[in-house]
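Secondary and tertiary structure notes
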Amino acid sequence: MNKHISDQPRSHSHQRLREYTRQEREAGTHPSVAVLHSRPLTRGAENRKTAEYLRIERGREV
């Protein structure tokens with residue numbers, strides 16, 4: 001006589017692998033974050049002027 005289906009041992013290997021890959025993925029930095037960190041910290045004068053014009057246009061004075 002065969003065992004009932006609920007009496008069969010389960011294999012949890014796929015769940016362990018999924019958890020491992022999830023932890024590895026979350027432990028590292030996302031590529032987009034790495035790109036943002038590698039950007040130069042200083043901005044050119046043109047960008048500053050544009051930001052100031054936009055600030056004034058929005059009604060925010062000094």
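Residues numbered from 1 in each chain as written. Predicted model: local features only at pLDDT ≥ 70, side-chain atom pairs only at ≥ 80, totals over all residues. Heavy atoms only, no water.

Some details on the environment of Leu 36
Worth spelling out the cut-off: In this description a helix means any DSSP run of H or I spanning at least four residues, a strand means any run of E spanning at least two, and both kinds are numbered starting from the N terminus.
Among the secondary structure elements, Leu 36 is positioned in helix α2 (residues 31-38). Here the alpha-carbon distance between Leu 36 and Gln 15, two residues 21 residues apart in the chain, equals 33 Å.

Brief notes about the confidence of the model for the chain
Quick note on the threshold: pLDDT gives the predictor's per-residue confidence on a scale running from 0 to 100.
For the chain, the mean per-residue pLDDT works out to 82, and 92% of the residues sit at or above 70. Predicted confidence in the chain is weakest over helix α3 (residues 45-57), with a mean pLDDT of 85, and strongest over helix α1 (residues 13-27), with 87.

Focus on the environment of Glu 19
In plain terms, the rule: What qualifies as a polar contact is a pair of N or O atoms within 3.5 Å, subject to a donor-acceptor requirement within protein and to the restriction that residues adjacent in sequence count only when both atoms come from side chains.
Position of Glu 19 relative to the elements: it lies in helix α1. Of note is the side chain of Glu 19, whose polar atom sits 2.7 Å from the side chain of Arg 22.

What about the pattern of salt bridges?
Rule in force here: For salt bridges, the criterion is a side-chain nitrogen of Lys or Arg within 4 Å of an Asp or Glu carboxyl oxygen. Type-normalised accessible area, obtained with a 1.4 Å probe on protein chains alone, sets the label of each residue: buried when under 20%, exposed when over 50%, and partly exposed for intermediate values.
Counting across every chain of the model gives four salt bridges. Between Arg 22 and Glu 26 there is a salt bridge whose closest N-O contact spans 2.9 Å. Of this pair, Arg 22 and Glu 26 both sit in helix α1, four residues apart, which is roughly one turn of the helix. On the basis of relative accessibility, which here comes to 29%, the residue Arg 22 falls in the partly exposed class. Assessed through its relative accessible area of 53%, Glu 26 is described here as exposed. The residue Arg 55 makes a salt bridge to Glu 52 at a minimum N-O spacing of 2.6 Å. Of this pair, Arg 55 and Glu 52 are both found in helix α3, three residues apart, which corresponds to roughly one turn of the helix. What makes Arg 55 partly exposed here is its relative accessible area of 23%. We classify Glu 52 as partly exposed; its relative accessible area is 27%. Overlapping salt bridges, with partners in common, bring together Glu 19, Arg 22 and Glu 26 in one network.

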